[in-house]
Number of protein chains: 2
Amino acid sequence: MLSHFTMRLKLTIAYDGRPFSGWQAQPCGNTVQDHLHVALREIAKAPLPIQGSGRTDTGVHALGQIAHFDAPAGTVMKPFNWVAALNSHLPATIRIMACEEAPPDFHARFSAIGKIYHYDICTEPVMPPHKAGLAWHVPRLGDAARLRAALNLMPGRHDFHAFAAYRGNETAEMDYHRTLHAADLETLTDGCRITFFGDGFLYKMVRLLTGAAVRVAQGKLDPGTCSALLDQAPGLPHGKSPYCAPADGLYLQQVLYPPSC
Amino acid sequence: MLSHFTMRLKLTIAYDGRPFSGWQAQPCGNTVQDHLHVALREIAKAPLPIQGSGRTDTGVHALGQIAHFDAPAGTVMKPFNWVAALNSHLPATIRIMACEEAPPDFHARFSAIGKIYHYDICTEPVMPPHKAGLAWHVPRLGDAARLRAALNLMPGRHDFHAFAAYRGNETAEMDYHRTLHAADLETLTDGCRITFFGDGFLYKMVRLLTGAAVRVAQGKLDPGTCSALLDQAPGLPHGKSPYCAPADGLYLQQVLYPPSC
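Residues numbered from 1 in each chain as written. Chains lettered and ligands numbered in written order. Predicted model: local features only at pLDDT ≥ 70, side-chain atom pairs only at ≥ 80, totals over all residues.

Visitor: Go over the overall build of chain A with me, naming the residues and quoting the values.
Guide: Counting secondary structure elements, chain A contains 5 helices and 10 strands. Taking 18 Å as the expected radius of gyration for a compact globule of 261 residues, we find that chain A reaches 20 Å, a close match to that expectation. Summarising its shape, the C-alpha atoms of chain A cover approximately 65 × 45 × 35 Å along the three principal directions. Counting over 261 residues, chain A shows a buried share of 37%. (Helix = DSSP H or I, 4+ residues; strand = E, 2+ residues; numbered from the N terminus. Rg over C-alpha atoms; globule rule 2.2 N^0.38 Å. Buried ≥ 20, exposed ≤ 12 C-beta atoms within 10 Å, placed from the backbone.)

Visitor: Now, about the domain arrangement of chain A: what can you tell me, with residues and values included?
Guide: Residue and element names in this part refer to chain A. Here chain A is partitioned into domain 1 (7–101) and domain 2 (114–256). Spacing between the C-alpha centres of domain 1 and domain 2 amounts to 28 Å. Residue composition of the side of domain 1 that touches domain 2, by class: 4 nonpolar, 8 polar and 2 charged. (Domains from an automatic or database assignment. Nonpolar A, V, L, I, M, F, W, Y, C, P; charged D, E, K, R; others polar.)

Visitor: I'd like to hear about unusual backbone geometry, residue by residue, with values.
Guide: Residue and element names in this part refer to chain A. Of note in this structure, Lys 45 is not a glycine but carries a positive phi near 60 degrees. Mapped onto the elements of the fold, Lys 45 is located in the loop between α1 (32–44) and β2 (51–52). For Lys 45, a count of 9 C-beta atoms within 10 Å corresponds to the exposed category. Unusually for a residue other than glycine, Lys 204 sits at a positive phi of about 65 degrees. The buried category is assigned to Lys 204, around which 20 C-beta atoms lie within 10 Å.

Visitor: Could you give an account of the packing of helix α3 (residues 144–152) of chain B against helix α4 (residues 205–217) of chain B, with specific residues and numbers?
Guide: In a packed pair of helices, the relevant descriptors are the angle between the two axes and the axis-to-axis distance. Residue and element names in this part refer to chain B. Closest axis-to-axis distance for the α3/α4 pair is 7 Å, and the angle between their directions is 140 degrees. On the basis of their axis angle, the class for α3 and α4 is oblique. As α3 runs across α4, the sense of the crossing is right-handed. Residues Arg 146, Leu 147, Ala 150 and Leu 151 of α3 touch α4, and the partners they reach there are Ala 212, Ala 213, Val 214, Val 216 and Ala 217. Looking at the contact of α3 with α4 residue by residue, the class counts come to 8 nonpolar, no polar and 1 charged. (Axes fitted to C-alpha atoms, helices over the stretch in contact; angles between N-to-C directions. Parallel < 35°, antiparallel > 145°, perpendicular 65-115°, else oblique. Left-handed = near helix turned anticlockwise from the far one by under 90°. Contact = placed C-beta atoms within 7 Å.)

Visitor: Before we move on, could you go through the pairing of strand β1 (residues 7–15) of chain A and cite the residues and values that matter?
Guide: Residue and element names in this part refer to chain A. A large share of β1 lies buried, amounting to 7 of its 9 residues. Bridge count between β1 and strand β3 (residues 61–71): 8 bridges; the pairing is antiparallel. In the strand pairing of β3, Leu 9 is matched with Phe 69. Across 7 bridges, the pairing between β1 and strand β4 (residues 94–101) is antiparallel. Looking at the pairing, Leu 9 lines up with Glu 101 of β4. (Pairing = 2+ DSSP bridges.)

Visitor: How would you sum up the interface of chain A and chain B? Please name residues and give values.
Guide: Taken together, the 18 residues of chain A in the interface contact 17 residues of chain B. Those elements giving two or more residues to the side of chain A that touches chain B turn out to be β1, α2 (81–87) and β4 of chain A. Sorting elements by how many residues they give to the side of chain A that touches chain B places β4 of chain A first, with 3 residues.

Visitor: Hey, could you go over the relation of the copies chain A and chain B for me, with residue numbers and the actual values?
Guide: Take chain A, turn it by 180 degrees, move it 0.0 Å along the axis, and it overlays chain B with an RMSD of 0.0 Å. One copy is carried onto the other by what is essentially a two-fold rotation axis. Every residue of chain A has its C-alpha some distance from the rotation axis, and the shortest such distance is that of His 130 of chain A, at 5.0 Å. Comparing contact sets, 94% of the residues at the interface of chain A also lie at the interface in chain B, consistent with an isologous, same-surface contact. (Least-squares fit on C-alpha atoms with pLDDT ≥ 70 in both.)

Visitor: Outline α4 of chain B, supporting the account with residue identities and numerical values.
Guide: All names here are of chain B. With 13 residues, α4 should cover 18 Å at 1.5 Å per step; its first-to-last C-alpha distance of 18 Å lies within 8% of that length. When you tally the buried positions in α4, you get 13 out of 13 residues, the bulk of the element. Where α4 terminates, the next one or two residues include Gly 219, which has phi positive at roughly 75 degrees. (Expected span 1.5 Å × (residues − 1).)

Visitor: Which residues make up the pairing of strand β9 (residues 191–198) of chain A, and what values do they have?
Guide: Residue and element names in this part refer to chain A. Bridge count between strand β5 (residues 114–122) and β9: 8 bridges; the pairing is antiparallel. By the bridge assignment for β9, Tyr 117 is matched with Phe 196. Judged from the 8 bridges that link them, strand β8 (residues 177–188) and β9 form a sheet pairing that is antiparallel. Within β9, the position partnered with Asp 184 by the bridge is Thr 195. Here β8 hands over to β9 after 2 residues, the two strands then running antiparallel side by side.

Visitor: Can you tell me about the environment of Gly 17 of chain B, naming the residues and giving the values?
Guide: Residue and element names in this part refer to chain B. In this structure, Gly 17 sits in the loop between β1 (7–15) and α1 (32–44). Taking the C-beta count within 10 Å as the criterion, Gly 17 has 27 such neighbours and is therefore assigned buried. Residues Gly 17 and Leu 188, spaced 171 residues apart in sequence, show a C-alpha to C-alpha distance of 21 Å. Residues contacting Gly 17, with those up to four places away along its chain left out, are Thr 56, Gly 59, Val 60, His 61 and Ala 247.

Right, here's the structure in full:
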């Protein structure tokens, strides 16, 4: 059936971040968004801009990145047909896991009300070769109780200025307050997973929080210092948490929207 | 302590087969054995030949490949020191998991008394991007009971000529008899794993056995035909099993030696 209107489509996308220069389109052309633009153009025979829920950095993985685009009027493809069509034009390290119709005002970035990231740490003495780039190798992680205690400091509404890297587009009015609903620790067979659930995340915030928690576990950062980095007094020069975990173990797991989306 | 004699060392090696042109040294230089030769030469400042338990093809993975080499007389390094030394000269997709002293007559290939391979199959509708090249994607695997029944035909001592690919170095006297101790099926969260344990395997035998079993499960190969391909009458032209599973899902899991090794 021919549609006379454009149809807003919501994609769930998984990718192995290792071969790509992050999410955001770039002149180099080797980002996830670039590959999606190429695939959409090949199918629709016209450029179709695609909007993601947010950027991920070079090497960062996604299990449930969300993006939207508008299928042009006259498209005969049903939403689920886009899954196989796009996958046949994408590298095997980027997969469309689902495609569904969304309300016309759905916006992958602005409709989002929360995100879940997880960070995998491998504590084996030798990093298994099949995990290279998929987990952070920390053979001496230190004390699990200290790791858990550091994570327990983090949930709540805080000024996370100390856990935000400089991106270059910051303004003086930028609000660094975010609500972290949970920072949970789970044991895996070869290490552990830290899961962060929040209403939004600043640039490199998950990697800076993970880096700080691991350094507390290793006895290299005092829990009091970690705590003092949250909610620093406004107007004073901000201290910055000095430990950023590598991209390797970071996964954008899920983007949350209101039930109406 | 300086050793006055060469010391035979046994390496346990894991690798992600995707970036490499198999195990066996080649002029192209991008095989696992080539990378090990480079690493050994960098450490020992002299070429040290290394012998593996057997070849693996392009794209085939290993969790417990075994190889031996002789550390030259005068080497001060203890066996376990070779683990970190070699790993620091190898790509992250090849890892030395262990190094131990072996008897002087230990031979990675000729001392082996058995091997365990497993083959991973992913049955998800869309292949997860982090599994690309690490499992065979078979979204329509068919009937698990038929798969199990096909695998149950295989163990025992058989002429596996029908399940051997042509390598080019075959002789008229070549013996195609092998003993398959087990062909077991295990359910995974996103598919299944077939584990083959035998005293030795012919060229592409695991992939041809897996291909046949999957085709039986899908109803594309009759179990009777599969059975007839085993133990064909000698002297007659041999039928060949026509289905070879891809390298993607194949792992050399373990090489077995007598307790004295």
